[in-house]
Amino acid sequence: MIGSLFVTGPAGTGKSTFCGAFKDWLVQNDYDVIVVNLDPGAEYLPYQPDIDIREMISLNDIMSQYSLGPNGAQIVASDLIIDNAQKIKDKLDLYEDYYVIFDTPGQIELFAFRPGSPLIVEALAGKMGMLAFISDAILSNMPSGFISQKMLFGSVFSRFYVPMIFVLNKIDLIGADDVEKIKNWEEYPDLLYDEFENEKGEMSKDYFLNVINAFKQSDIINKVSPVSSKDMFGFDDIYSDMANYFQGGEDTDTGYKEE
Ligand SMILES: Nc1nc2c(ncn2[C@@H]2O[C@H](COP(=O)(O)OP(=O)(O)O)[C@@H](O)[C@H]2O)c(=O)[nH]1
Ligand SMILES: [Mg+2]
């Protein structure tokens, strides 16, 4: 493994679609890559996983074994991923010079907020793991939505403490002007505050001013990476962030490509 990208984010933001599309993009650009499905509850996946947790954990078996409904079984299933880490690792070891993309359970709390999840990242990726937080462009297009996604991003970062990319997915559903507006919020957080005030009218000014200040001072406001997993747009930027982290720059990586 060259490096691993764990793809997380709220349900329906497009994690699985991103995993499949980013894999296709990497393959088209001559990189070796596999996708690992870590969602035991996935009924349908928009890609063919190279390693699949569903072969190791069955939601139906858990439901009957522990007399649980589908929701309870999802929680137990997520907690069982760590028990299967070695099995997954053995399979990963067959892919020495590959990038590995991990798709994570649909509901964010099943990955980000279970006690064992940082151990899963550590066990499967060692020091070569980073996270992509997938946010939905429609939600992030409003100041309140954007702030809520950034706070969630910060919350996930607090748990894993590995490099994280804030992906603004589904930009095909908003205008180019809106993408620029969101990028501007990132660069000039005071603008975000002004527009948030316009959106909400009366509000607790001190609280939100302090939230924005915390963003500014903590690197939570740092960069957004606009992507359309549907149109395969924006993946070059994601890739260069990965290459920078894993190999210390794209030049090194070009060397790898020519090997
Ligand atoms: N328009 C558009 N739809 C997308 C994009 N990415 C994902 N979707 C759709 O969003 C829905 C949820 O996607 P999915 O990958 O299952 O989300 P997950 O729950 O985060 O894994 C599906 O209907 C996807 O087709 C995108 O870039 N653009
Ligand atoms: Mg999914």
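Here the structure is shown first, and the text comes after it.
All of these numbers come straight from a predicted model, not from anything done at the bench.

Chemist: Please explain the overall build of the protein as it appears in this structure.
Modeler: What the protein contains, in helices and strands, is 13 helices and 7 strands. Whereas a compact globule of 259 residues would reach a radius of gyration of roughly 18 Å, the protein reaches 19 Å, a difference of no more than 12%. Here the protein, with 259 residues, has 50% of them falling under the buried criterion. Within the protein, contacts between residues at least 6 apart in sequence are counted, and of these 74% link residues at least 24 apart.

Chemist: Can you walk me through the sheet that holds strand 3 (residues 51-52) in this structure?
Modeler: Pairing between sheet strands relies on hydrogen bonds along the backbone, with the strands arranged either parallel or antiparallel. Judged by pairing direction, the sheet is parallel, and its 7 strands sit side by side in the order 3-2-4-1-5-6-7 without closing on themselves. Both outer strands of the open sheet, strand 3 and strand 7 (225-226), are each paired with one neighbouring strand and no more. Note that strand 1 (residues 3-8) and strand 4 (residues 99-103) share 5 bridges and pair parallel. Of the residues in strand 4, the one forming a bridge with L5 is I101. On the sheet, helix 12 (residues 235-247) packs against strand 1, strand 4, strand 5 (129-136), strand 6 (164-169) and strand 7 and is oriented at approximately 160° with respect to strand 5.

Chemist: Looking at this structure, I do not really get helix 10 (residues 189-200). What am I missing?
Modeler: If you check helix 10, its first and last C-alpha atoms are 16 Å apart, about what 12 residues at 1.5 Å a residue would give, namely 16 Å. Where the residues of helix 10 are buried, they touch helix 8 (143-160), helix 9 (176-187) and helix 11 (205-218). One or two steps after helix 10, the chain reaches G201, where phi turns positive at roughly 65°.

Chemist: Teacher, can you tell me more about the pairing of strand 4 here?
Modeler: It is a general feature of regular strands that their side chains alternate between the two faces of the sheet. In terms of residue burial, strand 4 counts as a mostly covered element, since 5 of its 5 residues are buried. Neither face of strand 4 is exposed, since Y99, I101 and D103 on one face and V100 and F102 on the opposite face are all buried. Pairing geometry for strand 2 (residues 33-37) and strand 4, over 5 bridges, is parallel. Directly across from I34, in strand 4, lies its bridge partner V100.

Chemist: Would you take a moment to explain the pattern of salt bridges for this structure?
Modeler: When their charged atoms lie close together, side chains carrying opposite charge are able to pair. By the definition in use, this model includes 14 salt bridges. The salt bridge partner of D172 is K230, with a shortest N-O separation of 3.8 Å. Residue D172 is located in the loop between strand 6 and helix 9, and its partner K230 is located in the loop between strand 7 and helix 12; the two are separated by 58 residues in the primary sequence. Under the relative-accessibility criterion, D172 is labelled partly exposed at 28%. What makes K230 exposed here is its relative accessible area of 65%. Measuring nitrogen to oxygen at the nearest pair gives 3.2 Å for the salt bridge that ties D237 to K223. Of this pair, D237 sits in helix 12 while K223 sits in the loop between helix 11 and strand 7, and the two are 14 residues apart along the sequence. Overall, the relative accessible area of 26% leaves D237 in the partly exposed class.

Chemist: Honestly, the packing of helix 8 against helix 10 in this entry has me stumped. Any pointers?
Modeler: A packed helix pair is summarised by two numbers, namely the angle formed by the two axes and the spacing between the axes. Relative orientation of the contacting elements helix 8 and helix 10 amounts to 125°, with a least axis distance of 8 Å. Judged by the angle between their axes, helix 8 and helix 10 are oblique. Between helix 8 and helix 10, the contacting residues are P143, S144, F146 and I147 on the first element and L192, E195, F196, E199 and K200 on the second. Residues that form the contact of helix 8 with helix 10 fall into these classes: 5 nonpolar, 1 polar and 3 charged.

Chemist: What should I look at first to understand a negative patch on the surface in this one?
Modeler: Together, D30, D32, E96 and D97 line one region of the surface with negative charge. Topologically, E96 is positioned in the loop between helix 4 (85-92) and strand 4.

Chemist: Would you explain the site of ligand 1 in this entry?
Modeler: Taken together, 14 residues surround ligand 1, and among them K15, S16, T17, D172 and S229 come closest. In this structure, G14 approaches ligand 1 through a main-chain N or O atom, which is 3.0 Å from an oxygen atom. Contact between ligand 1 and T17: an oxygen atom at 2.6 Å from a side-chain N or O atom of the residue. Out of a free accessible area of 590 Å², ligand 1 has 69% covered by protein chains. Its residues assigned to classes, the shell around ligand 1 comprises 2 nonpolar, 8 polar and 4 charged.

Cut-offs used in this document
Residues numbered from 1 in each chain as written. Chains lettered and ligands numbered in written order. Predicted model: local features only at pLDDT ≥ 70, side-chain atom pairs only at ≥ 80, totals over all residues. Heavy atoms only, no water. Helix = DSSP H or I, 4+ residues; strand = E, 2+ residues; numbered from the N terminus. Rg over C-alpha atoms; globule rule 2.2 N^0.38 Å. Buried < 20%, exposed > 50% of the residue type's maximum accessible area, 1.4 Å probe, protein only. Contact = heavy atoms within 4.5 Å. Pairing = 2+ DSSP bridges. Axes fitted to C-alpha atoms, helices over the stretch in contact; angles between N-to-C directions. Expected span 1.5 Å × (residues − 1). Salt bridge = Lys/Arg side-chain N within 4 Å of Asp/Glu carboxyl O. Parallel < 35°, antiparallel > 145°, perpendicular 65-115°, else oblique. Nonpolar A, V, L, I, M, F, W, Y, C, P; charged D, E, K, R; others polar. Patch = residues over 30% accessible without salt bridge, like charges linked within 9 Å, V, L, I, M, F, W, Y side chains within 5 Å. Areas by Shrake-Rupley, 256 points an atom, 1.4 Å probe, with all protein chains shown as cover. Lys, Arg positive; Asp, Glu negative; His and termini not counted. Charge placed at Lys NZ, Arg CZ, Asp CG, Glu CD. Near = heavy atom within 4 Å. Polar contact = N/O pair within 3.5 Å; in protein donor to acceptor, adjacent residues only side chain to side chain.

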